[in-house]
Amino acid sequence: MKLTAAQVDEYQREGYLFFPGLFSSGEIGVLNAEVPKLYAEQRPENVREKGSAAVRTNFAAHTYNDAYRRLGQHPRLIEPAKQILGDDVYIHQFKINGKAAFDGDVWQWHQDYGTWFNDDDMPDARAMNVAVFLEDVNEFNGPLMFIPRSHKKGRQEAGHDLSTTSYPLWTIDNETITRLVAEGGIISPKGPAGSMMIFHCNLVHASGSNMTPWNRTIVYLSLNSCENHIRRFHRPEYIAHRDFTPIQCLADDCLKN
Ligand code: SIN
Ligand code: MN
């Protein structure tokens with residue numbers, strides 16, 4: 001999938017792009033059929049919510065599940081990232097975030113690059129997230145909140161939050177968020193299952209809890225320029241990958257049965 005020059009400009013300016021309904025219900029059905037099986041497994045790749053059995057994040061499904069292996073090589077996700085970065089890309093991180101009905105907990109305000117810099121020694125902010133909604137995302141079930149244009153400010157000071165949720169994250173303080181929101185406001189991409197969003201690794205984002213009866217499952221590929229691969233290998237391989245081989249795309253119909 002090739003982005004128009006206007007879309008590339010919009011990404012550079014705003015820090016994100018949103019493509020409502022990009023994947024068909026048949027394609028999403030192939031991915032969704034795997035989620036209950038993946039989440040039911042007892043393995044370290046499943047990180048559960050604090051005090052609950054609900055899966056917060058499943059890591060690295062592309063390394064052990066065929067449908068997600070194909071998603072990890074899908075041209076609708078990979079080609080825009082290569083076009084924007086002007087380089088081959090590899091998967092730095094792959095996660096299926098549950099944000100389960102009633103149990104899905106918050107993600108504090110952060111930049112992904114804060115964590116990738118501090119924990120993994122990723123040299124530059126030449127990486128992005130490409131995410132596909134596996135369920136409808138609405139204003140109630142914990143949509144992502146973006147601060148538009150916040151990526152332009154570079155990496156913000158962050159503190160290592162090891163206590164608030166079940167997953168450690170480098171988070172940004174309230175004063176900084178107040179200042180950034182005063183300038184950029186907050187937006188939330190919302191839309192049907194099959195929608196895709198792309199966002200810069202320095203775009204400041206968060207999400208609230210899910211108190212609704214609707215799951216908000218989203219799969220995220222964190223794609224990094226191959227030249228910009230991480231230099232520190234402290235985190236488990238399934239959280240911060242060490243295979244820097246350029247992704248080879250499959251055909252556009254690779255998710256169709
Ligand atoms: C993330 O920021 O990495 C996840 C946020 C979410 O899934 O709500
Ligand atoms: Mn994030």
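Presented here is an overview of the structure given in this document. (Residues numbered from 1 in each chain as written. Chains lettered and ligands numbered in written order. Predicted model: local features only at pLDDT ≥ 70, side-chain atom pairs only at ≥ 80, totals over all residues. Heavy atoms only, no water.)

## Describing the site of ligand 1
Right, so step 1: Around ligand 1, a shell composed of K95, N97, K99, W107, H110, L144, H205, S207, R216 and Y220 is seen.
Right, so step 2: Here an oxygen atom of ligand 1 and a side-chain polar atom of S207 are 2.6 Å apart.
Right, so step 3: Relative to its free-state accessible area of 260 Å², ligand 1 is covered by the protein chains to the extent of 98%.
Right, so step 4: Looking at side-chain class alone, the shell around ligand 1 contains three nonpolar, four polar and three charged residues. (Near = heavy atom within 4 Å. Polar contact = N/O pair within 3.5 Å; in protein donor to acceptor, adjacent residues only side chain to side chain. Areas by Shrake-Rupley, 256 points an atom, 1.4 Å probe, with all protein chains shown as cover. Nonpolar A, V, L, I, M, F, W, Y, C, P; charged D, E, K, R; others polar.)

## What about the coordination of the manganese ion (ligand 2)?
Four donors placed tetrahedrally about a metal ideally form angles of 109.5 degrees, and six donors placed octahedrally ideally form angles of 90 or 180 degrees.
Right, so step 1: Note on the manganese ion (ligand 2): its protein donors are H110 (NE2), D112 (OD) and H205 (NE2). The metal-donor distances range over 2.0 to 2.2 Å.
Right, so step 2: Binding-site remark: the manganese ion (ligand 2) is held by donors from one chain whose sequence spacing is H-x1-D-x92-H. With a gap of 95 residues between them, H110 in strand β5 (residues 107–110) and H205 in strand β11 (residues 205–207) connect regions that are remote in the sequence.
Right, so step 3: Taking the relative accessible area as the measure of exposure, H205 reaches 5% and is therefore buried. (Donors = N, O, S within 2.8 Å, 3.2 Å for Na, K, Ca; no water. Helix = DSSP H or I, 4+ residues; strand = E, 2+ residues; numbered from the N terminus. Buried < 20%, exposed > 50% of the residue type's maximum accessible area, 1.4 Å probe, protein only.)

## So, the pattern of salt bridges
Right, so step 1: As enumerated under the stated definition, the model contains 14 salt bridges in all.
Right, so step 2: Notably, a salt bridge pairs R13 with E14, separated by 3.1 Å at the nearest N-O pair.
Right, so step 3: Of the charged contacts in the structure, one is a salt bridge between R56 and E49, with a shortest N-O distance of 3.2 Å. Accessibility classification places R56 together with E49 in one group, the buried group.
Right, so step 4: Members of the salt-bridge network, linked through shared partners, are R13, E14 and R149. (Salt bridge = Lys/Arg side-chain N within 4 Å of Asp/Glu carboxyl O.)

## Quick look at the environment of K82
Right, so step 1: Topologically, K82 is positioned in helix α5 (residues 75–85).
Right, so step 2: Each C-alpha atom, one on K82 and one on K2, is 9.8 Å from the other, the two residues being 80 residues apart in sequence.

## Here's the deal with the sheet that holds strand β4 (residues 89–97)
Right, so step 1: What the seven strands build is an open sheet, ordered β1-β10-β6-β12-β4-β3-β2; its pairing is antiparallel. Taken across any chain shown, the strands that pair with only one partner, and hence form the sheet edges, are β1 (16–19) and β2 (46–48). When strand polarity is set aside, the average angle formed by the axes of neighbouring strands in this sheet is 20°.
Right, so step 2: Seen against the sheet, α5 touches β4, β6 (127–133), β10 (196–200) and β12 (218–225) and runs at an angle of roughly 35° to β12. (Pairing = 2+ DSSP bridges. Axes fitted to C-alpha atoms, helices over the stretch in contact; angles between N-to-C directions. Contact = heavy atoms within 4.5 Å.)

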